[in-house]
Amino acid sequence: MHDTTALLIELGAIILGLGILGRLAGRVGFSAIPLYLLAGLAFGQGGLLPLNASEEFVATGAEIGVILLLLLLGLEYSASELVSNLKTQYPSGIVDFVLNAVPGAAAALILGWGPVAAVALAGVTWISSSGVIAKVLGDLGRLGNRETPVILGVLVIEDLAMAVYLPLLTALLAGLSLAGGSLTLLISLGTVGAVLYLALRHGRLISRAVSSDNPEMLLLVVLGLTVLVAGVAQELQVSAAVGAFLVGIALSGEVAEGAHNLLAPLRDLFAAVFFVFFGLNTDPAAIPPVLVPALILATVTTLTKIGTGWYAAKRAGVRTAGRWRTGGTLVARGEFSIVIAGLAVGVEPRIGPLATAYVLILVILGPLAARWTEPLARRLTRKPAPAPAGPVPPVAAASAPSEASASPVVEPPATEANDTEASDTAPSHP
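Residues numbered from 1 in each chain as written. Predicted model: local features only at pLDDT ≥ 70, side-chain atom pairs only at ≥ 80, totals over all residues. Heavy atoms only, no water.

Caption draft 1: Focus on the overall build of the protein. For the protein, the count of helices and strands is 17 helices and 0 strands. Of the contacts formed within the protein by residues at least 6 apart in sequence, a portion of 83% connects residues at least 24 apart. Just so you have it, the protein exposes about 21200 Å², and 68% of that area is on carbon and sulfur atoms. (Helix = DSSP H or I, 4+ residues; strand = E, 2+ residues; numbered from the N terminus. Contact = heavy atoms within 4.5 Å. Areas by Shrake-Rupley, 256 points an atom, 1.4 Å probe, with all protein chains shown as cover.)

Take a look at the structure:
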């Protein structure tokens, strides 16, 4: 069969299969990420039917998928929102990093994978999935809840931290010296600072220069600019993903909204290709040996994410039920964990299977935790009802009317559950 013919057949089968899996996930009410990963495992190295003709094209599509994921993530935020969240939520961001990155780093060291793999696995366990969490919030009707701005604030801090973490990881994976790694980090920090400054001071000018009433022209300019900046960032060892994220931050207003609407379908397509590509490059036979560590790590970091959400919501004055909902919602891991693992597999191949198993567990557990953490916590922490009082003595019974008439009537206090629900589900603005 001609190479082009085989490419078209394989590529058409991949895209059609992704569409079917996406529809199936939508009907079940879960994220499609685990199905995409499983599809990649089934048709990759050691799978049922390896795809060879389309491998190079899928690899390029996966790179574009990462760039578009980060671009549209940047379009969600303005520079002022990022700076405001950084000022108010940084204590929660520090707690989030300590509680969730440390278990991943410790696991890599215990498994004997070395310090570079420890830095990579720390990122895998640290970052929650913005895409999965946003979908869960919408599905559960919690976008107006008081704890939702807290959840989004934690996600913003994580996303902004990626602009520092990814260049550092890239430098370590490239085997740069301490001086070279420090220089790369300084370049990244300088670039982030410069983009935030330009977006804050001259964001309208940048958006006006990119703006166009013609959707085709807007799509070409934004996509071309993003890929160009991503390539330059990759050349500087800063990470293509960070470059795309910064382009998204620099655009604001109607331009950002229009670009988001135009690029969202492309993002969904190439992001699906990315997850399939990661599965294609993971040998299914390598997953069973790391399944127990993945389960342990998933259990530990589920608890630490719940603790992170509890702390962040408590700082914001959210009541008890909202704190549990915040923690449960943050459990899901997804796209960022796979992106980080994809960068690190060249140095430590065993990270790929572990990250795949870990994400498969938590991308399924995440929506369940978001729904059931608060009811389960309420049931476990509910105080037992007081024992019924004994029979009233005749003398006390005779004197009861006069005491009642002399004392004001006191209403029973509202239960914490009802009080909490009434408070925490009221719309609030960050």
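Now that the structure is up, let's keep going.
Caption draft 2: Quick look at the side chain of T326. Among the secondary structure elements, T326 is positioned in helix α13 (residues 320-329). Looking at T326, its side chain comes within polar contact range of the main-chain oxygen of G322, at 2.7 Å. Those residues in contact with T326 that sit more than four places away from it in its chain are E147, V150, I151, G309 and A313. (Polar contact = N/O pair within 3.5 Å; in protein donor to acceptor, adjacent residues only side chain to side chain.)

Caption draft 3: Structural view of helix α6 (residues 130-139). Here α6 has its buried residues at S130, V132, I133, V136 and L137. Along the long axis of α6, the arc covered by the buried residues comes to 165°, so they all point the same way. Against α2 (33-42), α3 (55-75), α7 (148-173), α13, α14 (335-344) and α15 (351-381) lie the buried residues of α6. In this structure S129 caps α6, since a side-chain oxygen of it lies 3.1 Å from the backbone nitrogen of V132. Residue G141 follows α6 closely and has a positive phi angle near 65°. (Buried < 20%, exposed > 50% of the residue type's maximum accessible area, 1.4 Å probe, protein only. Arc of directions from axis to C-beta.)

Caption draft 4: How the structure looks around the nonpolar core. Counting 112 residues, the largest nonpolar core has L37, L70, L71, L121, M162 and V222 as the members making the most contacts within it. Counting residues per element, this core draws most heavily on helix α11 (residues 253-280), which supplies 14 residues. Beyond its immediate stretch of four places on either side in the chain, M162 contacts W126, I127, P167, V242, F336 and I340. (Core = buried A, V, L, I, M, F, W, Y, C linked by side-chain atoms within 4.5 Å.)

Caption draft 5: Representation of a nonpolar patch on the surface within the structure. On the surface, a nonpolar cluster with roughly 550 Å² of combined accessible area is contributed by L86, Y90, I94, F97, V98 and V102. Topologically, I94 is positioned in helix α4 (residues 79-110). (Patch = residues over 30% accessible without salt bridge, like charges linked within 9 Å, V, L, I, M, F, W, Y side chains within 5 Å. Salt bridge = Lys/Arg side-chain N within 4 Å of Asp/Glu carboxyl O.)

Caption draft 6: α7, seen in detail. For α7, built from 26 residues, the straight-helix expectation of 38 Å at 1.5 Å per residue is met to within 8% by its first-to-last C-alpha distance of 36 Å. Of all the bends in α7, the greatest measures close to 35° and is centred on M162. Within α7, 21 of the 26 residues are buried, leaving the element largely enclosed by the surrounding structure. At the exit of α7 stands G175, carrying a positive phi of roughly 75°. (Expected span 1.5 Å × (residues − 1). Bend = angle between axes of the 7 residues up to and from the residue.)

Caption draft 7: Region of interest: the packing of α14 against α15. At a minimum axis separation of 9 Å, α14 and α15 run at an interaxial angle of 170°. The pairing of α14 with α15 is recorded here as roughly antiparallel in orientation. Contacts from S337, I338, A341 and A344 of α14 reach α15 at I351, A355 and V359. Across the contact of α14 with α15, the residue classes tally to 6 nonpolar, 1 polar and no charged. (Axes fitted to C-alpha atoms, helices over the stretch in contact; angles between N-to-C directions. Parallel < 35°, antiparallel > 145°, perpendicular 65-115°, else oblique. Nonpolar A, V, L, I, M, F, W, Y, C, P; charged D, E, K, R; others polar.)

Caption draft 8: Structural view of the pattern of salt bridges. This model, assessed by the stated rule, comprises 5 salt bridges. Salt-bridge contacts for K305 lead to E158; the nearest nitrogen and oxygen are separated by 2.6 Å. Taken as a pair, K305 in helix α12 (residues 291-315) and E158 in helix α7 lie far apart in primary sequence, 147 residues in all. Note on E158: relative accessible area 1%, which makes it buried. A salt bridge links E374 to R378; the shortest N-O distance between them is 2.5 Å. In this pair, E374 and R378 both sit in helix α15, 4 residues apart, roughly one turn of the helix. Here E374 falls in the buried class, since its relative accessible area comes to 8%. Each of D96, E158 and K305 takes part in one network of salt bridges that share partners.

Caption draft 9: Summary view of the confidence of the model for the protein. Looking at the protein, the pLDDT average stands at 80 and 85% of residues meet or exceed 70. Counted against residues more than four places away or in other chains, residues 396-423, with its pLDDT under 50, gives 14 contacts. Here residues 425-430 scores under 50 on pLDDT; set against residues more than four positions off or in separate chains, the count is 11 contacts. (pLDDT = per-residue confidence, 0-100.)

Caption draft 10: Representation of the packing of aromatic side chains within the structure. Inspection of every chain in the model, using the stated rule, returns 4 aromatic pairs. Clustering of aromatic rings is evident, with ring pairs tying together F97, W126 and Y165. (Phe/Tyr/Trp six-rings, centres within 6.5 Å; stacked < 30°, edge-to-face > 60°.)

Caption draft 11: Structural detail: the environment of P289. Mapping P289 onto the fold places it in the loop between α11 and α12. Exposure remark for P289: the relative accessible area of 63% places this residue in the exposed category. A C-alpha to C-alpha distance of 8.9 Å links P289 and L354, two positions 65 residues apart in sequence.

Caption draft 12: Quick peek at the packing of helix α5 (residues 115-126) against α7. Relative to each other, α5 and α7 sit at 160°, their axes nearing to 10 Å. The angle between α5 and α7 places the two elements in the roughly antiparallel class. Of the two possible hands of crossing, α5 and α7 adopt the one that is left-handed. Of the residues in α7, those touching α5 at V116, V119, A120, G123 and W126 are E158, A161, M162, Y165, L169, L172 and L173. For the contact of α5 with α7, a count of residues per class yields 10 nonpolar, 1 polar and 1 charged. (Left-handed = near helix turned anticlockwise from the far one by under 90°.)

Caption draft 13: Quick peek at the environment of T60. Along the chain, T60 turns up in helix α3. Relative accessible area serves as the criterion here: at 46%, T60 is assigned to the partly exposed category. Here the alpha-carbon distance between T60 and F277, two residues 217 residues apart in the chain, equals 9.6 Å.

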